[in-house]
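# Structural features, examined
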Amino acid sequence: MQRIFQFFHPLVWIILSGTIFVRTASFMAIPFLALYLHNELQASPLLIGVTIGIAPLFSTFGGLIGGYLTDRFGRKAVIIITVFIWSLTFVGFASAPSAVYFVLLNAVNGLCRSFFEPGTQALMIDFTEDAKKRRLFSVRYTAINIAAVMGPLLGVWVASLSSPATPFMITGIMYALYGVFLLVVLNRYEMKQKRLSSKHQIQTILSAVFHDQKLLLFIAGGILITVGYSQFDSTLPQFINMTVEDGVKLFSYVIVANSITVLAFQLPLTVVSERISIYSSLKIGVVIFAVGLFLFGVSDSSWMFIMSMIVFSVGEIFCFPMMNAVIEEIAPEDQKGTYLGASQFKNIGGFIGPILGGWLLTASINYMFAIISVIMLCSIFIYNRAQRLT
């Protein structure tokens, strides 16, 4: 056990533990946002799609700015300020009187995530040796999925005891507590970050980033994958609700099935993936992802949805940690945050996906998941192109 905790720097383990805490809070509320809007505020499928999609849209553009700010002014300040703003956003979710307010609030939610994620990832990279970085992304992803097991079940339980808005309020309180914790802990460690000098203006950095053809191809492939993955918390809960009785409860089980699958197979599949190239891991993941997504479209019972999610989750294990690892690998030493922030442009797919899915849900529900599966598979051609670049 001691060897495990010595594998990473203590601050890395603290951030990973904090990831479990705040992601548990987030998973109490955000996965049920579409159902909350539909059941409590009677929002239309299109408005739900816009609301869900606005977060990744703002995350897309905010990530680049947030990544630059962490490189230029320091990880600590950006992370702590963001967490407190995030806390207020969830309090806003709990008290918003109509669905229209949720569009604005979820935009701020996406912006906060785009500042927080590159900052915390870059902070952990600062304290991790090169040989351990690929494993770091896998362990971080495991931490997220530990939270994804607990969060949805807690959210359903809390909502059943009080009201559907309560999980949002509790999430806001938990984020505020985490902000206070970080304020204390981060002041105890000397930051190892190599900051950008003042002569590196944001315009110069952005120009350099967007002339990196390999990065642009990674972003393009990520957009297509995210179009598919975004159905998880936009059209999938609505589709389940339309297909089976007590869809809210089944969707919570489907989320838990996703998380348990990732937790159970993350370590063995990570060991396997480390023996093959990052590109091979990505392409294997895309194929399995697409198969799982297609199976959702032909599911008509609880067990079929759960089995489809297990397939979907195996694809997730291969794809997501590697999507971040390849970005870190090509990033200059003093621009880790900026490159990780630029990679958030893949979240454009998270904006397009719910809107496309929301339209297909009403226009062509029988072929919705098949169409989106084909879109995901197209990312393989983009990764093949990136692989040919030196």
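Description of the structure in this document. These figures come from a predicted structure and were not determined experimentally.

## Here's the deal with the overall build of the protein
Secondary structure summary: the protein contains 18 helices and zero strands in total. The globule rule puts the C-alpha radius of gyration for 390 residues at 21 Å, and the 20 Å found for the protein is close to it. Across its three principal directions, the C-alpha atoms of the protein cover 55 × 45 × 45 Å. Taking all 390 residues of the protein together, the buried fraction comes to 57%. Partitioning the contacts of the protein with sequence separation of at least 6, the portion at a separation of at least 24 is 85%. Accessible surface, the protein: about 16,000 Å² in total, of which carbon and sulfur atoms supply 68%.

## So, the packing of helix α4 (residues 45-73) against helix α16 (residues 348-363)
Their axes nearest at 6 Å, the elements α4 and α16 cross at an angle of 170°. Classed by the angle they form, the pair α4 and α16 counts as roughly antiparallel. Seen from α4, the contacting residues are Pro45, Gly49, Val50, Ile52, Gly53, Ile54, Pro56, Leu57 and Thr60; seen from α16, they are Ile348, Gly350, Phe351, Pro354, Ile355 and Thr362. Of the residues contributing to the contact of α4 with α16, the split by class is ten nonpolar, five polar and no charged.

## Considerations on helix α2 (residues 10-29)
Spanning 20 residues, α2 covers 30 Å between terminal C-alpha atoms, matching the ideal 28 Å at 1.5 Å per step. The buried fraction of α2 amounts to 15 of the 20 residues, a majority that puts the element mostly inside the structure.

## Examining the packing of α2 against helix α6 (residues 99-126)
Contact geometry for α2 and α6: axes closest at 10 Å, N-to-C directions at 155°. In terms of axis orientation, α2 runs roughly antiparallel to α6. Both α2 and α6 take part in a crossing whose hand is left-handed. Mapping the contact onto sequence places Leu11, Val12, Ile15, Leu16, Arg23 and Ser26 in α2 and Arg113, Glu117, Thr120, Leu123 and Met124 in α6.

## Thoughts on the packing of aromatic side chains
The way to describe two aromatic rings as a pair is by their centre distance and the angle between their planes. This structure, assessed with the given rule, holds 26 aromatic pairs. Seen from their ring centres, phenylalanine 93 and phenylalanine 102 are 5.4 Å apart, and the 35° between their planes marks the pair as tilted. With centroids separated by 6.0 Å and ring planes inclined at 55°, the aromatic side chains of phenylalanine 296 and phenylalanine 369 adopt a geometry described as tilted. Of this pair, phenylalanine 296 sits in helix α13 (residues 278-297) while phenylalanine 369 sits in helix α17 (residues 368-377); the two residues are 73 residues apart in sequence, bridging distant segments of the chain. Across this residue pair, the class does not change: phenylalanine 296 and phenylalanine 369 are buried.

## Overview of α16
An ideal rise of 1.5 Å per residue puts 22 Å on 16 residues; α16 measures up with 22 Å between its terminal C-alpha atoms. Taken together, the buried positions of α16 are Gly349, Gly350, Gly353, Pro354, Gly357, Gly358, Leu360 and Leu361. Seen end-on, α16 carries its buried residues on one side only, within an arc spanning 170°. Exposed and facing more than 90 degrees away from the buried side of α16 are Trp359 and Thr362.

## Some points on the side chain of serine 230
Turning to its location among the elements, serine 230 is positioned in the loop between α10 (213-229) and α11 (235-243). Classification of serine 230 by relative accessible area gives buried; the value is 7%. What serine 230 contacts, discounting residues up to four positions off in sequence, is Gly349, Gly350, Gly353 and Pro354.

## Digging into the environment of isoleucine 223
Looking at the element boundaries, isoleucine 223 is found in helix α10. Between the C-alpha atoms of isoleucine 223 and methionine 376, which are 153 residues apart in sequence, the distance is 8.8 Å. Setting aside residues no more than four positions away along its own chain, isoleucine 223 makes contact with Phe345, Lys346, Ile348 and Gly349.

## Topic: a nonpolar patch on the surface
Judged by side-chain polarity, Ile146, Met150, Leu154, Trp157, Leu161 and Leu263 come together as a nonpolar surface patch covering roughly 530 Å² of accessible area. Among the elements that line the nonpolar patch, the one with the most residues is helix α7 (residues 133-161), at five residues. For tryptophan 157, the position within the fold is in helix α7.

## Quick word on the nonpolar core
Judged by nonpolar contacts, the single largest core of 109 residues is most densely connected at Ile225, Leu236 and Phe305. Excluding its chain neighbours within four sequence positions, the residues that come into contact with isoleucine 225 are Val286, Phe289, Cys319, Phe320, Met323, Met376, Ser379 and Tyr383.

## Notes on the side chain of lysine 283
Mapping lysine 283 onto the fold places it in helix α13. Separated by 2.7 Å, the side chains of lysine 283 and asparagine 384 make a polar contact. Aside from chain neighbours lying at most four places away, what touches lysine 283 is Ile380, Tyr383, Asn384 and Gln387.

## Thoughts on the pattern of salt bridges
All told, the structure shown has four salt bridges when counted by the stated rule. Here arginine 23 makes a salt bridge to glutamate 117, at a shortest N to O gap of 2.8 Å. Remark: glutamate 117 occurs in helix α6 and arginine 23 occurs in helix α2; sequence separation between them is 94 residues. Residue arginine 23 shares its accessibility class with glutamate 117, and that shared class is buried. Among the salt bridges present, the one from glutamate 117 reaches arginine 140, with a minimum N-O distance of 2.2 Å. On the criterion of sequence distance, the pair formed by glutamate 117 in helix α6 and arginine 140 in helix α7 is long-range, its members being 23 residues apart. Here arginine 140 falls in the buried class, since its relative accessible area comes to 7%.

Each value, and the rule that gives it
Counting starts from 1 at the beginning of each chain's written sequence and moves along it residue by residue. The predicted nature of this model means local features are confined to residues of pLDDT at least 70 and side-chain atom pairs, given and counted, to a pLDDT of 80 or more, with totals for whole chains, interfaces and linings taken over all residues. Water and hydrogen atoms were dropped before computing side-chain values, which therefore reflect all heavy atoms in the structure. Numbering of helices and strands runs from the N terminus, with a helix taken as a DSSP run of H or I at least four residues long and a strand as a DSSP run of E at least two residues long. In this setup the radius of gyration rests on C-alpha atoms only. A globule is expected at 2.2 Å times the number of residues raised to 0.38. For each residue, the accessible area found with a 1.4 Å probe, counting protein chains only, is set against the maximum for its type, and the residue is called buried under 20%, exposed over 50%, and partly exposed in between. Whether two residues are in contact is decided by their heavy atoms: any pair within 4.5 Å suffices. Accessible surface area values rest on a Shrake-Rupley calculation with a 1.4 Å probe, where residue burial reflects the displayed protein chains alone. Convention adopted: a line fitted to C-alpha atoms gives each axis, helices being fitted over their contacting stretch, and angles between N-to-C directions are expressed from 0 to 180 degrees. The scheme is simple: roughly parallel for angles under 35 degrees, roughly antiparallel for over 145, roughly perpendicular for 65 to 115, oblique for anything else. Gly is placed with the polar residues, together with every amino acid not listed as nonpolar (Ala, Val, Leu, Ile, Met, Phe, Trp, Tyr, Cys and Pro) or charged (Asp, Glu, Lys and Arg). Each residue after the first adds 1.5 Å to the expected span of a helix. Each crossing gets its handedness from the near helix: less than a right angle anticlockwise from the far helix is left-handed, clockwise is right-handed. Only Phe, Tyr and Trp rings are paired, with Trp represented by its six-membered ring, and only when their centres lie within 6.5 Å; those with planes under 30 degrees apart are stacked, over 60 edge-to-face, the remainder tilted. What the arc covers is the set of directions going from the helix axis to the C-beta atoms. Patch building starts from residues that exceed 30% relative accessible area and form no salt bridge, then joins like charges within 9 Å and nonpolar side chains (Val, Leu, Ile, Met, Phe, Trp, Tyr) within 5 Å. When a carboxyl oxygen of Asp or Glu lies within 4 Å of a side-chain nitrogen of Lys or Arg, that pair is called a salt bridge. For this analysis, a nonpolar core means a set of buried residues of the types Ala, Val, Leu, Ile, Met, Phe, Trp, Tyr and Cys, connected via side-chain atoms within 4.5 Å. Polar contact is defined as a pair of N or O atoms within 3.5 Å, subject to the rule that within protein one atom must be able to donate a hydrogen and the other to accept it, and that residues adjacent in sequence are counted only when both atoms are side-chain atoms.

Keep in mind these numbers describe shape, not what the thing actually does.
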